[in-house]
Amino acid sequence: MSKKVPFARKETEYCPECGDELVIRNGAHGPFYACSSYPSCHYLRPLKAPGDGHVVKELDGQMCPKCGFTLVLRQGCYGMFIGCSHYPACEHTELIDKPDDTSINCPQCQQGKLLQRKSRFGKTFYACSRYPECQFVVNNKPALGECLFCHYPLLIEKRTSQGVKLFCASKLCNKRQLNETEKENE
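Residues numbered from 1 in each chain as written. Predicted model: local features only at pLDDT ≥ 70, side-chain atom pairs only at ≥ 80, totals over all residues. Heavy atoms only, no water.

The name given to the protein chain in an unreviewed UniProt entry is DNA topoisomerase, and the organism recorded there is Xenorhabdus hominickii.

S.K.: Teacher, can you tell me more about the packing of aromatic side chains here?
M.R.: What characterises a pair of aromatic rings is the spacing of the ring centres plus the angle enclosed by the ring planes. Following the criterion strictly, the structure yields zero aromatic pairs and no others. Residue placement shows Lys158 over the ring face of Phe167; its charged tip is 4.8 Å from the ring centre. In this structure, Lys175 is placed above the aromatic ring of Phe149, and the distance from its NZ or CZ to the ring centre is 5.1 Å. (Phe/Tyr/Trp six-rings, centres within 6.5 Å; stacked < 30°, edge-to-face > 60°. Lys NZ or Arg CZ within 6 Å of the ring centre and 35° of its normal.)

S.K.: Honestly, the sheet that holds strand S3 (residues 44-46) in this entry has me stumped. Any pointers?
M.R.: As a general point, the strands of a sheet are linked pairwise by backbone hydrogen bonds and lie either parallel or antiparallel. The strand order across the open sheet formed by three strands is S1-S2-S3, and the pairing between neighbours is antiparallel. The sheet is open, and its two borders are formed by strand S1 (22-27) and S3, each paired with just one other strand. For this sheet the average axis-to-axis angle between neighbouring strands, irrespective of direction, equals 35°. Where strand S2 (residues 30-35) lies against S3, three bridges are found, and the strand directions are antiparallel. Its bridge partner lying in S3, Ala34 is registered against Leu44. (Pairing = 2+ DSSP bridges. Helix = DSSP H or I, 4+ residues; strand = E, 2+ residues; numbered from the N terminus. Axes fitted to C-alpha atoms, helices over the stretch in contact; angles between N-to-C directions.)

S.K.: Quick question: what am I supposed to make of the state of the cysteines here?
M.R.: The bond known as a disulfide is covalent and runs between the sulfur atoms of two cysteines. Within this structure, the stated rule accounts for zero disulfides. Cys173 takes part in no disulfide bond, and the closest cysteine sulfur to it belongs to Cys147, at a distance of 3.7 Å. Using a relative accessible area of 17% as the deciding quantity, one classes Cys173 as buried. (Disulfide = S-S within 2.5 Å. Buried < 20%, exposed > 50% of the residue type's maximum accessible area, 1.4 Å probe, protein only.)

S.K.: Sorry, what's going on with the sheet that holds strand S12 (residues 141-144) here?
M.R.: One open sheet holds the three strands; their spatial order is S12-S13-S14, and the pairing between them is antiparallel. In this open sheet, the two edge strands, each paired with only one partner strand, are S12 and strand S14 (163-168). Averaged over all neighbouring strand pairs, the angle between strand axes comes to 45°, with direction disregarded. Inspection of the sheet shows S12 paired to strand S13 (residues 154-160) by four bridges, in the antiparallel sense. Following the sheet pairing, Lys141 is matched in S13 by Glu157.

S.K.: What is the right way to look at the environment of Asn179 in this model?
M.R.: Locating Asn179 in the fold gives a position in the loop between S14 and helix H1 (180-185). Looking at Asn179, the relative accessible area reads 35%, which means it is partly exposed. Along the chain, Asn179 and Leu166 lie 13 residues apart, while their C-alpha atoms are 8.3 Å from each other.

S.K.: It is not clear to me how the UniProt feature "domain: DNA topoisomerase type IA zn finger" (unreviewed entry) in the protein chain should be interpreted in this structure. Could you clarify?
M.R.: Within the UniProt annotation, "domain: DNA topoisomerase type IA zn finger" (unreviewed entry) is assigned to residues 13-48, 62-98 and 105-142. Taken end to end, residues 105-142 is 0% helix and 42% strand, and its first and last C-alpha atoms sit 10 Å apart. (UniProt positions renumbered as here; feature names shortened; annotations may be inferred.)

S.K.: It is not clear to me how the environment of Leu44 should be interpreted in this structure. Could you clarify?
M.R.: Within the secondary structure, Leu44 sits in strand S3. Linking Leu44 and Phe32, residues twelve residues apart in sequence, is a C-alpha distance of 7.1 Å.

S.K.: So what exactly am I meant to see when it comes to unusual backbone geometry here?
M.R.: Glycine aside, the phi torsion of most residues is negative, and most peptide linkages are trans. Of note in this structure, His151 is not a glycine but carries a positive phi near 65°. Take His151: it is sitting in the loop between S12 and S13. Of note, Asn174 is a non-glycine position whose phi angle comes to about 55°, a positive value. By the secondary structure assignment, Asn174 is in the loop between S14 and H1.

S.K.: What am I meant to see in the side chain of His92 here?
M.R.: The residue His92 is located in the loop between strand S6 (79-84) and strand S7 (93-94) in this model. Classification of His92 by relative accessible area gives buried; the value is 12%. For His92, the side chain forms a polar contact with the side chain of Glu94, separated by 2.9 Å. Setting aside chain neighbours within four positions, we find His92 in contact with Cys64, Pro65, Lys66, Leu71, Ile82, Gly83 and Cys84. (Polar contact = N/O pair within 3.5 Å; in protein donor to acceptor, adjacent residues only side chain to side chain. Contact = heavy atoms within 4.5 Å.)

Quick look at the structure:
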């Protein structure tokens, strides 16, 4: 039993290497074009054009600062971004959600600031702005303050079942900090 392709091909394409007909195959990463004389010819081509991102919406009234064409909202392999409609001639892009600047000094080098970053998997973390020289990183949101127990100069916010609580950012200490009402009760 042969599987039917859910879309129709309008015209037959031919292999640029050997001249035989190209057929649509399905692989682990989705459908692709392959040469019909497979064992002797290994030509492959993706079904979709890679890299430029799918245009979601045209942003009327917003012009590209480089070339003056209209900006568009695109869906790329790393998420949504704003780009020029005249791509690839103009490669202007903008981030939609710019990272937060915490204005908290790095406790390790004392020179850089902690910036919000995103990992390749989409998780948020906070790292020093002087990255290659200083490799300080915390996974939770940093907060100004000093640890009551070890006097480390940075605290982090963690969500618990009782709400957001402050903890020491030092991996050696990592103790929960007491808030004002808990200090008075002791």
